[in-house]
Amino acid sequence: MKKPWNIINSPVYSLATYDDDKVNMNICTYVSAVSMKPKQYVVGVYQNTKSLDNISASSKAVLQLLHTSHVRLVNSLGKKSGLQFDKNRYLIKHNLLTDWNGYEVLANTAALLLLEKKWSKVTGDHTLVLFDVVGSKTFNAEILTLDDLRKNKLIRI
């Protein structure tokens with residue numbers, strides 16, 4: 001029997017964070033909308049990562065709701081550390097980026113949310129970061145989910 005937190009079919013996101021002119025992206029499933037007015041999201045960012053370094057030094061990030069076609073990026077964005085693997089170079093080399101509101105983001109996402117950091121709090125092996133949503137755009141509804149990752153044997157839960 002699965003643990004209660006593993007029976008939910010959550011959407012899969014990537015948090016795009018920025019260090020000068022370089023983007024770093026990760027894979028996030030610990031994401032939740034927590035307020036309607038103002039619209040706010042909380043994102044759990046894994047400790048000791050380039051994403052956490054970047055968001056600690058900046059107030060802006062882009063939360064990307066991934067499209068089903070992004071399943072092939074999970075290994076590169078989620079199972080490799082941006083501290084050792086240049087995700088910016090990888091994304092440019094494979095022509096996977098586009099510009100949205102002046103930010104480099106993944107092409108073909110289901111939706112994008114421009115976020116402004118309000119606060120962060122270390123909690124276990126993640127840091128919770130509360131963001132205000134300052135802009136958003138929905139493109140399509142074919143979202144990548146945990147069930148897609150399970151079916152593709154990218155996770156075992």
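This write-up is about the structure you can find in this document.

1. Description of the pattern of salt bridges
- Counting across every chain of the model gives six salt bridges.
- Between Lys50 and Asp19 there is a salt bridge; the shortest N-O distance is 2.9 Å. With Lys50 in helix H1 (residues 50-57) and Asp19 in strand S1 (residues 13-19), this residue pair connects regions lying 31 residues apart in the sequence.
- In this structure, Asp147 engages Arg150 in a salt bridge whose closest nitrogen and oxygen atoms are separated by 2.5 Å. With Asp147 and Arg150 both in helix H4 (residues 146-151) and three residues apart, this pair spans about one turn of that helix.
- The exposure class of Arg150 is buried, given its relative accessible area of 14%.
- In the salt-bridge network here, residues are joined through shared partners; they are Lys22, Asp86 and Arg89.

2. Structural notes on H1
- Within H1, the full set of buried residues consists of Ser51, Leu52, Asn54 and Ile55. Looking straight down H1, one finds that the buried residues subtend no more than 160° of arc, so they occupy a single side. Away from its buried face, by an angle of more than 90 degrees, H1 presents the exposed residues Ser56 and Ala57.
- Packed against the buried residues of H1 are S1, strand S2 (22-25), strand S4 (40-46), strand S5 (60-65), strand S8 (111-123) and strand S9 (126-138).

3. Looking at the sheet that holds strand S3 (residues 31-35)
- With respect to topology, seven strands assemble into an open sheet ordered S2-S1-S5-S8-S9-S4-S3, the strand pairing being antiparallel. Both outer strands of the open sheet, S2 and S3, are each paired with one neighbouring strand and no more. With direction set aside, neighbouring strand axes in the sheet form an average angle of 35°.
- Relative to the sheet, H1 contacts S1, S2, S4, S5, S8 and S9, its axis offset from that of S1 by approximately 60°.

4. What to know about unusual backbone geometry
- Of the consecutive residues Lys37 and Pro38, the connecting peptide bond is found in the cis state with omega at -5°.
- One non-glycine residue, Asp20, adopts positive backbone phi at about 55°.
- Topologically, Asp20 is positioned in the loop between S1 and S2.
- A relative accessible area of 76% places Asp20 in the exposed class.
- A positive phi angle is found at Asn48, which is not glycine, with a value near 55°.
- Turning to its location among the elements, Asn48 is positioned in the loop between S4 and H1.

5. Overview of the pairing of S8
- Summarising the sheet, S5 and S8 pair through six bridges and their orientation is antiparallel. Note that in S8 the partner of Leu65 across the bridge is Ala111.
- Pairing analysis gives twelve bridges linking S8 to S9, with the strands arranged antiparallel. Its bridge partner lying in S9, Leu113 is registered against Ser136.
- Linking S8 back to S9 in an antiparallel pair, the connection comprises two residues, with Gly124 at a positive phi of about 65°.

6. Let's talk about the nonpolar core
- If you look at the biggest cluster of nonpolar residues, it comprises 25 residues, and the most contacted ones within it are Met25, Val62, Leu91, Leu106 and Leu149.
- Elements that contribute at least two residues to this core include exactly S1, S2, helix H2 (74-78), helix H3 (87-93), strand S6 (97-100), strand S7 (103-106), S8 and H4.
- Here the element with the most residues in this core is S7; it accounts for three residues.
- Apart from residues lying up to four places away in sequence, Leu91 is in contact with Val23, Met25, Leu77, Leu96, Leu97 and Leu106.
- Grouped together as the second largest cluster of nonpolar side chains are 19 residues, Tyr13, Ala61, Leu115 and Val129 included.

Cut-offs applied
Residues numbered from 1 in each chain as written. Predicted model: local features only at pLDDT ≥ 70, side-chain atom pairs only at ≥ 80, totals over all residues. Heavy atoms only, no water. Salt bridge = Lys/Arg side-chain N within 4 Å of Asp/Glu carboxyl O. Helix = DSSP H or I, 4+ residues; strand = E, 2+ residues; numbered from the N terminus. Buried < 20%, exposed > 50% of the residue type's maximum accessible area, 1.4 Å probe, protein only. Arc of directions from axis to C-beta. Contact = heavy atoms within 4.5 Å. Pairing = 2+ DSSP bridges. Axes fitted to C-alpha atoms, helices over the stretch in contact; angles between N-to-C directions. Core = buried A, V, L, I, M, F, W, Y, C linked by side-chain atoms within 4.5 Å.

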